[in-house]
Amino acid sequence: MRRPMVAGNWKMHGTRASVAELTEGLRNLALPSGVEVAVFPPALFINQVIDGLADKGIIVGAQNSAVQPEQGALTGEVAPEQLVEAGCKLVLIGHSERRQIIGETDQVLNRKFAAAQAKGLKPVLCIGETLEEREAGKTLEVVGRQLSSIIEAFGVKAFANAVIAYEPVWAIGTGLTATPQQAQDVHAAIRGQLAAEDAEVAAKVQLLYGGSVKAANAAELFGMPDIDGGLIGGASLNADEFGAICRAAGN
Ligand code: PGA
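Residues numbered from 1 in each chain as written. Predicted model: local features only at pLDDT ≥ 70, side-chain atom pairs only at ≥ 80, totals over all residues. Heavy atoms only, no water.

With that out of the way, let us pick up helix 7 (residues 139-154). Given a rise of 1.5 Å per residue, 16 residues ought to cover 22 Å, and the 23 Å separating the end C-alpha atoms of helix 7 matches this to within 8%. At L147, helix 7 shows its largest kink, close to 25°. Taken together, the buried positions of helix 7 are T139, V142, V143, G144, Q146, L147, S148, S149, I150 and I151. Positive backbone phi, at 85°, marks G155, one or two positions downstream of helix 7. (Helix = DSSP H or I, 4+ residues; strand = E, 2+ residues; numbered from the N terminus. Expected span 1.5 Å × (residues − 1). Bend = angle between axes of the 7 residues up to and from the residue. Buried < 20%, exposed > 50% of the residue type's maximum accessible area, 1.4 Å probe, protein only.)

What follows is the structure, given as structure tokens:
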């Protein structure tokens with residue numbers, strides 16, 4: 001059985017004060033015991049959040065990490081080694097905002113993925129198609145290619161120690177959510193692609209859906225057989241809303 005995971009991606013939001021308030025709100029939540037709950041604060045606030053959530057059992061992750069595992073001369077980056085030392089367990093790799101706005105390519109993301117795993121930081125690989133690609137009927141081709149990039153470089157077993165988040169770009173921050181069936185279809189294809197190489201890895205990997213998930217639509221999405229939880233942007237900035245989404249994954 002796969003454990004559900006609900007992860008909050010705070011993106012580039014927050015001040016010391018708002019992060020303290022959100023962390024306090026998370027501390028006070030009643031969280032379901034069977035669900036892995038994680039948050040990804042901006043790097044600047046990772047230490048503050050880890051201190052604030054001590055003993056709460058919420059996993060803290062980073063939104064990005066460097067292409068090399070160890071600290072060194074790489075201005076502006078944070079090494080997986082440093083994130084692990086701070087207490088991070090997860091890292092987002094390949095969020096569409098980084099692919100599209102910053103221009104991160106599959107080659108760069110492969111290096112980040114491997115660097116993270118080399119230090120025991122579990123990658124959450126984000127994949128998804130744009131609206132144009134969906135309308136052209138290319139969804140499975142695009143998602144399949146993003147997944148293949150990792151499989152070809154490191155073998156399918158790399159996903160024994162990773163999470164995958166399917167996030168249709170057109171659903172991120174837009175209020176447009178994929179229907180549960182649209183999301184399920186892509187999740188099933190992702191799992192099928194992995195299963196063609198290794199059935200056990202495919203059966204065990206957690207596949208999260210992301211894109212305008214909120215308390216009102218979470219239960220329906222998480223009820224689909226291949227959706228193992230969610231990666232939550234906007235709605236994760238409100239502790240009560242996020243708590244309700246975590247509870248939806250526990251039911
Ligand atoms: P959203 O973002 O929930 O605000 O759509 C999801 C994400 O980008 O991870």
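After that view, the rundown keeps rolling.
Glancing now at the site of the ligand. Taken together, 13 residues surround the ligand, and among them K11, H95, E167, G173 and S212 come closest. At 2.7 Å from an oxygen atom of the ligand is found a side-chain nitrogen or oxygen belonging to H95. One nitrogen or oxygen atom from the main chain of G234 is found 2.8 Å from an oxygen atom belonging to the ligand. Partitioned by chemical class, the residues of the shell around the ligand number 4 nonpolar, 7 polar and 2 charged. (Near = heavy atom within 4 Å. Polar contact = N/O pair within 3.5 Å; in protein donor to acceptor, adjacent residues only side chain to side chain. Nonpolar A, V, L, I, M, F, W, Y, C, P; charged D, E, K, R; others polar.)

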